[in-house]
Amino acid sequence: MASSNNDHDQVKAAGLFERLRGKIVKFGLMLKKLGQDDPRRIVHSLKVALALTLISMLFYFEPLYDGFGLAAMFAILTVVVVFEFTVGATIGRGLNRMMSTVVAAVLAIGAHRLATLSGNQGEPILIALFVFVEAGIVTFFRFIPQMKARYDYGLLIFNLTFCLISVSGYRDDEVIRLGFERVSTIIIGSCTAVTVCVFIRPVWIGVELHNQIATNMEKLANFLEDFGDEYFTVSENGQIRDNSSSLQGYKSVLTSKGSEDTMANLARWEPGHGRFRFPHPWKQYLKVGTLTRQCAFKIEALNNYLTSETQTPQEVKSIIQGPSVVISSECGKALKELATSMKKMTKSSSNEPHIAKSKDAAEELKAVIRSSLCKHPADSLHIIQEGAVASLLLEIITCIEKIADAAHKLASQAHFKDVKPTVTPDQGNSVTDGPHHVITIEG
């Protein structure tokens, strides 16, 4: 009986060990995937470790330790809370922390001085009044959208610093020393974090925003280029096709506003780097992003017709198929050209021929719908349904034009490089757009 219990315990222990081992392996694979998906995460972790190591040396450098003492802990705390993944976020938090600490320390020392002049009985009353007024005003400022977007962290630190220094029970000279130590250590910590973040494999949030806007255009372009073929062949076998990834990529554009606004606010803190000058027109990126999202919502409505269980008969779809496919394809090509130009940071008008072709197809589409209503009165209801698809395509042309205008304005404001169109020898020597004839002279 005892032997049976021992065997049971051993089996149970082996099972627990296998489950624990499985969890450890799974956790290790997850960490490996995190690093493989974005190796910059590993670099960032090492950068934070380096910054903390450097700032920890304050405790072992006697002149600094004798001057700051335990206040050097604020330097370590600053590195921990300031160091972010991107340069813009790190500089933004660093400057917010430094400036708010300096201003709050000066005001707190002044408030403490005024309170001490009122005597032992009046001092706590005045301190309480100063803290109440300051905390109320600063907290209310955090509700202002412009302040919250860029200075929310600074206002939070302002509140903390003012209260810590003003309510301290030290004499005036001790309060001044406390304020100086806090300000100095926070400046040292912020500068250390910013220096490591900027000079060791920096991650620029402005570049991330730039690439995201261009990628969003490509996602819409992929949908439009594939839409024509998918929509007009969707009913050939009586079943709706499964949407490919290229037809679903646009969905992430619909919810991109929050990330774009955040990246634009952080990018404004970054200094000039590479081809991104200072100041860079980050607000114009937001305008391009807004127009791209508006186009994505039109595409979402278009996708509903593609995935609808009730499909218009194929013979009715074929009426508008020709010009609709041209519009969808040319709009997709125009967006692809705009995305390529933005990624390369070049000024280009290569999208204009595609927009012009889509406009010509739009006029043809209008004429086809008008004539079809007269020729096929029995199918008027189905033609009107297809007219809704045609109307969305026409609206998308307008959206593409607005995106192109905003992108060209961005290229001008950001000083993108001018690219001269390449002209082949035949194109350069041609006088007319007519057919070319080859004449052979036999001697």
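Conventions used here
Residues numbered from 1 in each chain as written. Predicted model: local features only at pLDDT ≥ 70, side-chain atom pairs only at ≥ 80, totals over all residues. Heavy atoms only, no water. Phe/Tyr/Trp six-rings, centres within 6.5 Å; stacked < 30°, edge-to-face > 60°. Helix = DSSP H or I, 4+ residues; strand = E, 2+ residues; numbered from the N terminus. Buried < 20%, exposed > 50% of the residue type's maximum accessible area, 1.4 Å probe, protein only. Patch = residues over 30% accessible without salt bridge, like charges linked within 9 Å, V, L, I, M, F, W, Y side chains within 5 Å. Areas by Shrake-Rupley, 256 points an atom, 1.4 Å probe, with all protein chains shown as cover. Salt bridge = Lys/Arg side-chain N within 4 Å of Asp/Glu carboxyl O. 1 Å grid on protein atoms, 1.4 Å probe; cavity = no way out; pocket = protein on both sides within 12 Å on 5 of 7 lines; lining within 4 Å. Points joined across faces, edges and corners; volume = space filled by probe spheres on them. Nonpolar A, V, L, I, M, F, W, Y, C, P; charged D, E, K, R; others polar. Core = buried A, V, L, I, M, F, W, Y, C linked by side-chain atoms within 4.5 Å. Contact = heavy atoms within 4.5 Å.

## Some thoughts on the packing of aromatic side chains
- One pass over the full model with this rule turns up 7 aromatic pairs.
- Ring geometry for Tyr 151 against Trp 269: centres 6.0 Å apart, planes inclined by 90°, an arrangement best described as edge-to-face. Of this pair, Tyr 151 sits in helix H7 (residues 145-166) while Trp 269 is found in the loop between helix H12 (257-267) and helix H13 (282-307), placing the two residues 118 residues apart along the sequence.
- Residue Trp 269 is classed as buried on the basis of its relative accessible area, which comes to 17%.
- Look at Phe 158 and Phe 162: their rings are 6.5 Å apart centre to centre, the planes differ by 10°, and that puts the pair in the stacked class. Placement of both Phe 158 and Phe 162 in helix H7 is noted, with a separation of 4 residues, approximately one turn of the helix.
- The class of Phe 158 is buried, set by a relative accessible area of 12%.

## Notes on a nonpolar patch on the surface
- Side chains of Leu 129, Phe 132, Val 133, Ile 137, Phe 140, Phe 141, Phe 143 and Ile 144 sit close together on the surface and give an oily, nonpolar patch of about 840 Å² of accessible area.
- Under the relative-accessibility criterion, Phe 140 is labelled exposed at 56%.

## Quick look at the layout of surface pockets
- Put simply, the largest pocket is a space of about 280 Å³.
- Around the largest pocket sit 17 residues that line it, and Lys 148, Ala 149, Arg 150, Tyr 151 and Leu 266 are the ones nearest its centre.
- At 6 residues, the largest contribution of residues to the lining of the largest pocket is made by H7.
- A per-class count over the lining of the largest pocket returns 6 nonpolar, 5 polar and 6 charged.

## Brief notes about the nonpolar core
- With 60 residues, the main nonpolar core has Met 217, Leu 335 and Ile 400 as its most contacted residues.
- Every element with two or more residues in this core is listed here: helix H9 (205-232), helix H11 (251-254), H12, H13, helix H14 (314-344), helix H15 (352-375) and helix H16 (380-413).
- Sorting elements by how many residues they give to this core places H16 first, with 14 residues.
- In this view, Met 217 contacts Val 288, Thr 292, Leu 335, Leu 338, Ala 339, Met 342 and Ile 403; residues no more than four positions away in its chain are not counted.
- Formed by 17 residues, the second largest nonpolar core is a distinct cluster that contains Ile 55, Ala 72, Cys 197 and Val 198.

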